[in-house]
Amino acid sequence: MQIYLPIAEVSVNAFLLLGLGGLVGVLSGMFGVGGGFLMTPLLFFIGIPPAVAVATEANQIVASSFSGVLAHFKRKTVDLRMGTVLLIGGLTGAAIGVVVFNYLKSLGQVDLLVKLCYVIFLGIIGSLMFVESLNAIRKSKQPNAIIKRKKHNWIHGLPFKMRFRVSGLYISVIPPVLVGVFVGILSAIMGVGGGFIMVPAMIYLLGMPTKVVVGTSLFQIIFVTAFTTLLHATTNYTVDMALAVLLLVGGVIGAQFGAVIGAKLKAEQLRILLALMVIGVCLKLALDLLFMPSELFSLGAAGGH
């Protein structure tokens, strides 16, 4: 069933959009990521303009993340205090990101910026996660492997410390706030929840236990992406509601299945699956940029009008 999307100015199959929303919802529930890192490029691939894909996808992430976080609340695997600290940084970063996005949109360069950001960040994060996951799986297969206790690093020496009881941490609020700011900027520019950066940062930088990372990440993502959607809708009018509703319906349903699947897989297995998906999307986007130079010329021309 073909439907016309007025803001995006394209016709697409409604069932295809529902399916894409469901797929990303499953990822949200399984990995604690909003799923935008995958959905936004998929929208590029089916002909949705990047500016519309970014703004609209932020809207879909809110629903799939909300659906996913409900399942984690039931299991009591959400650190609300840590989530709130991350959220303060996230809202600040989102406001900065929308200002940058709108400025580049006025120059006609926003589409190129979005795609380059995806190639760079997905390539780095995917590679790091893949190597780390392989090492974790290899160590878990060694019967006499010695489990090392986490050592204190420079983060534990910073001021303004706060106790996060659910995570079992007593650390400075500065690193979580900075992580939140960075993820908020990415959320606004790339149309992502930022979970693909937030989750590794919470585990390896902040030292949070894996069992509470997914739920806490989703909690923060809900509010940052909702704020981002509001800013995009009121400043550059690129939120396509018809597109958003179809993605929302699929996302909410998919997130519930994802939470169930995620509970049955080992943490190392989850991370290596996510890493492979990230690398795959990165390669597709990189190839599109390399083999479609005419698009880059048209973007450059757009800036001259």
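Here's what I pulled together on the structure shown here. (Residues numbered from 1 in each chain as written. Predicted model: local features only at pLDDT ≥ 70, side-chain atom pairs only at ≥ 80, totals over all residues. Heavy atoms only, no water.)

## Points about the overall build of the chain
The cut-off we apply is this: By definition, any uninterrupted DSSP run of H or I lasting at least four residues is a helix, any uninterrupted run of E lasting at least two residues is a strand, and each is numbered from the N terminus. Accessible area is worked out with a 1.4 Å probe on protein chains only. A residue is then buried under 20% of its type maximum, exposed over 50%, and partly exposed in between. Should any heavy atoms of two residues lie within 4.5 Å, those residues are counted as being in contact. Computed with a 1.4 Å probe, the accessible areas rest on the Shrake-Rupley method; for each residue, only the protein chains presented here act as cover.
The secondary structure content of the chain amounts to 11 helices and four strands. Expressed as a percentage of the 305 residues in the chain, the buried residues total 52%. Within the chain, contacts between residues at least 6 apart in sequence are counted, and of these 79% link residues at least 24 apart. Within the structure as shown, the chain displays about 14000 Å² of accessible surface, and the carbon and sulfur contribution to it stands at 72%.

## What to know about the packing of helix H4 (residues 80–107) against helix H5 (residues 110–140)
Threshold: Here, axes are lines fitted to C-alpha atoms. For helices the fit covers the stretch in contact, and angles between N-to-C directions go from 0 to 180 degrees. Comment on the angle field: the value is read as roughly parallel under 35 degrees, roughly antiparallel over 145, roughly perpendicular from 65 to 115, and oblique elsewhere. Three classes are used, and their members are as follows: Ala, Val, Leu, Ile, Met, Phe, Trp, Tyr, Cys and Pro are nonpolar, Asp, Glu, Lys and Arg are charged, and the others, Gly among them, are polar.
Two numbers describe how H4 lies on H5: the axes approach to 7 Å, and their chain directions differ by 130°. With respect to H5, the element H4 is oriented oblique. Along the contact surface, H4 presents Phe101, Leu104 and Lys105, while H5 presents Val110, Leu113 and Val114. The residue makeup of the contact of H4 with H5, split by class, is five nonpolar, no polar and one charged.

## Considering the side chain of Gln220
With respect to the helices and strands, the residue Gln220 is situated in helix H8 (residues 210–235). Excluding anything up to four places from it in sequence, Gln220 contacts Gly83, Leu86, Leu87, Gly90 and Met198.

## What about a nonpolar patch on the surface?
Under the convention used in this document: Only residues above 30% relative accessible area that lack a salt bridge enter a patch, with like-charged residues linked at up to 9 Å and the nonpolar side chains Val, Leu, Ile, Met, Phe, Trp and Tyr linked at up to 5 Å. A side-chain nitrogen of Lys or Arg and a carboxyl oxygen of Asp or Glu constitute a salt bridge if their distance falls within 4 Å.
A surface patch of nonpolar side chains, amounting to about 560 Å² of accessible area, comprises Met241, Val245, Val249, Ile253, Phe257 and Ile261. Examined against the element boundaries, Met241 turns out to sit in helix H9 (residues 241–264).

## What to know about the packing of H4 against H8
Stated formally: Crossing handedness is defined as follows: a turn of the near helix away from the far one that is anticlockwise and smaller than a right angle gives a left-handed crossing, while the clockwise case is right-handed.
Following both chains from N to C, one finds H4 and H8 inclined at 25°, their axes separated by 8 Å at the closest point. When the axes of H4 and H8 are compared, the pair comes out roughly parallel. H4 and H8 meet at a crossing whose hand is right-handed. A breakdown of the residues in the contact of H4 with H8 according to their chemical character gives 14 nonpolar, nine polar and no charged.

## Concerning H4
We count it as follows: Expected span, for any helix, means 1.5 Å times one less than how many residues it has. Think of a polar contact as two N or O atoms within 3.5 Å of one another; within protein, one of them needs to be a possible hydrogen donor and the other a possible acceptor, and neighboring residues in sequence only count if both atoms come from side chains.
Here H4 contains 28 residues, and its C-alpha end-to-end distance of 40 Å stays within 8% of the 40 Å for a straight helix at 1.5 Å per residue. For H4, the N-terminal cap is Asp79; the gap from its side-chain oxygen to the backbone nitrogen of Arg81 is 3.2 Å. In the segment just after H4, Gly108 is the residue with positive phi, at about 80°.

## Things to note about the nonpolar core
Burial of nonpolar side chains together is a common tendency in soluble globular proteins. The condition that has to hold: The term nonpolar core refers to a set of buried residues drawn from Ala, Val, Leu, Ile, Met, Phe, Trp, Tyr and Cys, joined through side-chain atoms within 4.5 Å.
Counting residues in each nonpolar core, the largest one holds 59 residues, and the members touching the most others are Leu43, Met82, Tyr118, Leu122 and Met208. With eight residues, H5 is the single largest residue contributor to this core. Within the second largest apolar cluster, seven residues are counted, among which are Val69, Val78, Val214 and Ile222.

## Points about H8
Taking 1.5 Å of rise per residue, the 26 residues of H8 would be expected to cover 38 Å, and the 37 Å separating its terminal C-alpha atoms lies within 8% of that figure. The positive-phi residue at the C-terminal boundary of H8 is Tyr237, with phi of around 50°.

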